[in-house]
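# Observations on the three-dimensional arrangement
One letter stands for each residue in the lines below.
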Amino acid sequence: MHRRTFLQGLAAAAVGAPAVTLLGQQDAQAAVVAANYYVATTEQTKNKVLVFPKNKAFSDANVHWSFSPGGGAWSNLSDVKIRETAAQGWIALMAASGGKAGIVNIGSEKNTELNDLAWSATPGGNPHAIERVPGNGSVIVASSDGKLTLYAPSSVGNLGSLAKVQTVDYAGAHGVLWDPTYELLWVVGKNRFSHYAVMGSKRNTRLKYAAHFSLGSGNLGHDLQPDYTNHQKMLITATKGVYELLTDGGTFRTRKISSETRVKSHVRHSSGEVVSIRGDGTQPRDWANKTVRFSASPDRTRSGAQFYKARIWTPAFQ
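These lines cover the structure that appears in this document, whether it is placed above or below. Just so it is clear, the model here is predicted, and its values are computed rather than measured. (Residues numbered from 1 in each chain as written. Predicted model: local features only at pLDDT ≥ 70, side-chain atom pairs only at ≥ 80, totals over all residues. Heavy atoms only, no water.)

### Brief notes about the sheet that holds strand S23 (residues 291-294)
The following threshold applies: We call two strands paired when DSSP finds no fewer than two bridges between them. Comment: elements are numbered from the N terminus, with helices defined as DSSP H or I runs of at least four residues and strands as E runs of at least two.
With antiparallel pairing, the 4 strands of this open sheet are ordered in space as S21-S22-S23-S24. The two strands at the open ends of the sheet, each matched to only one other strand, are strand S21 (263-268) and strand S24 (300-301). Examined bridge by bridge, S21 and strand S22 (residues 274-278) share 5 bridges and lie antiparallel to one another. Of the residues in S22, the one forming a bridge with Arg268 is Val274.

Dropping the structure here:
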């Protein structure tokens with residue numbers, strides 16, 4: 001399949017449902033269920049990034065795109081984010097608890113492997129999350145042993161030119177997310193969440209601390225994801241529940257929306273549907289689950305799977 005045809009198909013399917021605020025409650029619910037988009041998952045039994053259409057069974061036959069790195073330093077894939085770039089089109093950013101991080105161009109190849117990586121690095125320290133700063137081209141990896149690692153390019157359009165330029169201490173770093181509304185990098189970790197300004201360009205890019213906000217003692221943040229219904233909200237999962245991070249008016253604050261524990265990822269589609277994963281508490285990976293949950297559609301269970309993160313694939317969070 002030609003790259004352009006492939007990408008056009010992704011964009012068309014990822015757009016999601018139209019606004020439902022003027023519909024009756026029953027029609028609104030039906031519209032949410034009918035919303036069609038892709039769900040990108042990190043599955044740790046076979047250690048693959050697996051992307052499925054939301055409205056189909058999460059079976060091998062329905063895998064839309066995948067990345068299979070093997071094991072070793074790529075074991076326990078912990079994050080995937082799919083971003084659109086000016087130079088490459090769609091790319092997948094991935095991190096693995098074994099110590100690695102990398103980027104793959106999403107083109108005409110459906111099932112990718114290590115030899116398809118456009119860039120990789122070894123930040124170490126149990127990498128849990130990865131993000132890219134649009135326009136600037138830099139990449140940030142959060143490692144739970146307590147650091148953020150910043151990689152910056154010598155040429156923004158050249159993924160292979162990324163190199164480490166800065167390490168920032170951050171206790172329990174688990175989640176990173178770029179906020180295009182305020183052009184800030186948000187981070188969540190042990191007892192707090194924070195934002196950083198991204199200063200400079202190319203290899204002179206640096207993270208500049210801006211502010212920390214408390215999540216409360218004994219509350220390790222797990223993940224940070226968009227709320228696609230409102231660009232002034234983000235969603236944090238933590239030890240003690242799920243929180244909305246509210247940014248309207250430039251006043252940053254949180255509001256607890258659920259006391260459910262062991263929620264590892266939680267994201268809201270533009271239709272209002274929530275996609276989440278909760279650790280099932282069983283071995284060998286008590287942080288994972290064979291089921292990806294949908295708030296308005298049938299849950300998707302894959303026999304033998306251990307899903308850790310689920311992401312909604314939309315054209316852009318902007």
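That covers the picture; the talk isn't over yet.
### A short note on the pattern of salt bridges
Quick note on the threshold: In what follows, salt bridge is the name for a side-chain nitrogen of Lys or Arg lying within 4 Å of a carboxyl oxygen of Asp or Glu. Burial classes: relative accessible area under 20% of the type maximum marks a residue as buried, over 50% as exposed, and values in between as partly exposed (1.4 Å probe, protein chains only).
By the definition in use, this model includes 13 salt bridges. Between Glu244 and Lys233 there is a salt bridge, with its nearest N and O atoms 3.4 Å apart. Here Glu244, found in strand S19 (residues 241-246), pairs with Lys233, found in strand S18 (residues 233-238); they are 11 residues apart in sequence, far enough to count as distant. Judged by relative accessible area, which is 5%, Glu244 ranks as buried.

### Quick notes on the pairing of strand S14 (residues 184-188)
Across the 5 residues that make up S14, a large majority, 5, are buried. The two faces of S14 match: Leu184, Trp186 and Val188 on one face and Leu185 and Val187 on the other face are all buried. The sheet contact formed by strand S13 (residues 175-179) and S14 spans 5 bridges and is antiparallel. Bridging from a neighbouring strand, Val176 pairs with Val187 of S14. Where S14 and strand S15 (residues 192-199) come together, 4 bridges link them in antiparallel fashion. By the bridge assignment for S15, Leu185 is matched with Tyr196. Counted along the chain from S14 to the antiparallel partner S15, the turn is 3 residues long, and its residue Asn191 has a positive phi close to 70°.

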